[in-house]
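Listed below are the residues making up each chain.
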Amino acid sequence: MKKYSEKQKLDGVESYISCELGLRATATLHNADVASLRKWVAAYEAIGIAGIQRKPRQTYDLNFKLEVLQKLKSQELSYRQAGALFNVRRFDSIAAWERAYDEFGVAGLMPHQPSRRKPEATDGASKPLTDPDGAALPSRQELLEELEALRTENAYLKKLKALVQAQAKSAPGSERRS
């Protein structure tokens, strides 16, 4: 990945905004990548000169990520637009946040979540998980079996309730006295 100076970025953005040339011609003129120039222009238009200034690597907190994702959905922004609007240098990070949120919910946006990491290869049987009290947690298969049993019980109770209600409706009509 080529590094561009702030002056080169600003020159390219100003040249493009002045409408002298198109995006590709401007990028060629300033010896820049078209995608980079597009990103600089979007950032410059969204937040000004701060959008193209070099920034140290940044970490984002949970509330910031949620705000970005909410704005992304509500205004139907692209990742590039949201990155420019919120000054997120790598807009592909926003795509990763969205995938993590879709898969794991809010927990997926937390930094260094073990649930987002791929499991490490182990030699032999895996160590059973334990809760903070030290008690062993059920395995995934046990949880799935319990879920299926609860769903079956729930469906049975719904049918029973419907049957009881149907009998209650028909009972007063059958008890008429002549």
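You'll find the structure just up there.
Residues numbered from 1 in each chain as written. Predicted model: local features only at pLDDT ≥ 70, side-chain atom pairs only at ≥ 80, totals over all residues. Heavy atoms only, no water.

A. The packing of helix α3 (residues 34–47) against helix α5 (residues 79–86), seen in detail. In the contact formed by α3 and α5, the axes pass within 8 Å of each other and the chain directions differ by 45°. As judged from the angle between their axes, α3 and α5 are oblique. Relative to α5, the crossing made by α3 is right-handed. From α3, A35, R38, K39, A42, A43, A46 and I47 reach across to α5, where they touch R80, A84 and L85. Taken together, the residues of the contact of α3 with α5 break down into 7 nonpolar, no polar and 3 charged. (Axes fitted to C-alpha atoms, helices over the stretch in contact; angles between N-to-C directions. Helix = DSSP H or I, 4+ residues; strand = E, 2+ residues; numbered from the N terminus. Parallel < 35°, antiparallel > 145°, perpendicular 65-115°, else oblique. Left-handed = near helix turned anticlockwise from the far one by under 90°. Contact = heavy atoms within 4.5 Å. Nonpolar A, V, L, I, M, F, W, Y, C, P; charged D, E, K, R; others polar.)

B. A look at α3. Over its 14 residues, α3 extends 20 Å from the first C-alpha to the last, a length consistent with the 20 Å expected when each residue adds 1.5 Å. All of the buried residues in α3 are S36, L37, W40, V41 and A43. Against the buried residues of α3 lie α1 (6–17), α2 (23–29) and α5. Of the residues trailing α3, G48 is marked for its positive phi of about 85°. (Expected span 1.5 Å × (residues − 1). Buried < 20%, exposed > 50% of the residue type's maximum accessible area, 1.4 Å probe, protein only.)

C. Up close: the environment of G51. Residue position: G51 is located in the loop between α3 and α4 (62–74). Not counting the four nearest positions on each side in its chain, G51 is found in contact with A43 and N87.

D. The pattern of salt bridges, seen in detail. Applying the stated criterion across every chain yields a total of 2 salt bridges. A salt bridge links K7 to D11, with the nearest nitrogen and oxygen atoms 2.9 Å apart. Placement of the pair is K7 and D11 together in helix α1, with a separation of 4 residues, close to one helical turn. Classification of K7 as exposed rests on a relative accessible area of 58%. Since its relative accessible area comes to 28%, D11 is described here as partly exposed. E98 is the partner of K73 in a salt bridge, and the nearest nitrogen-oxygen pair spans 2.8 Å. With K73 in helix α4 and E98 in helix α6 (residues 92–104), the pair connects residues that are 25 residues apart, well separated along the chain. (Salt bridge = Lys/Arg side-chain N within 4 Å of Asp/Glu carboxyl O.)

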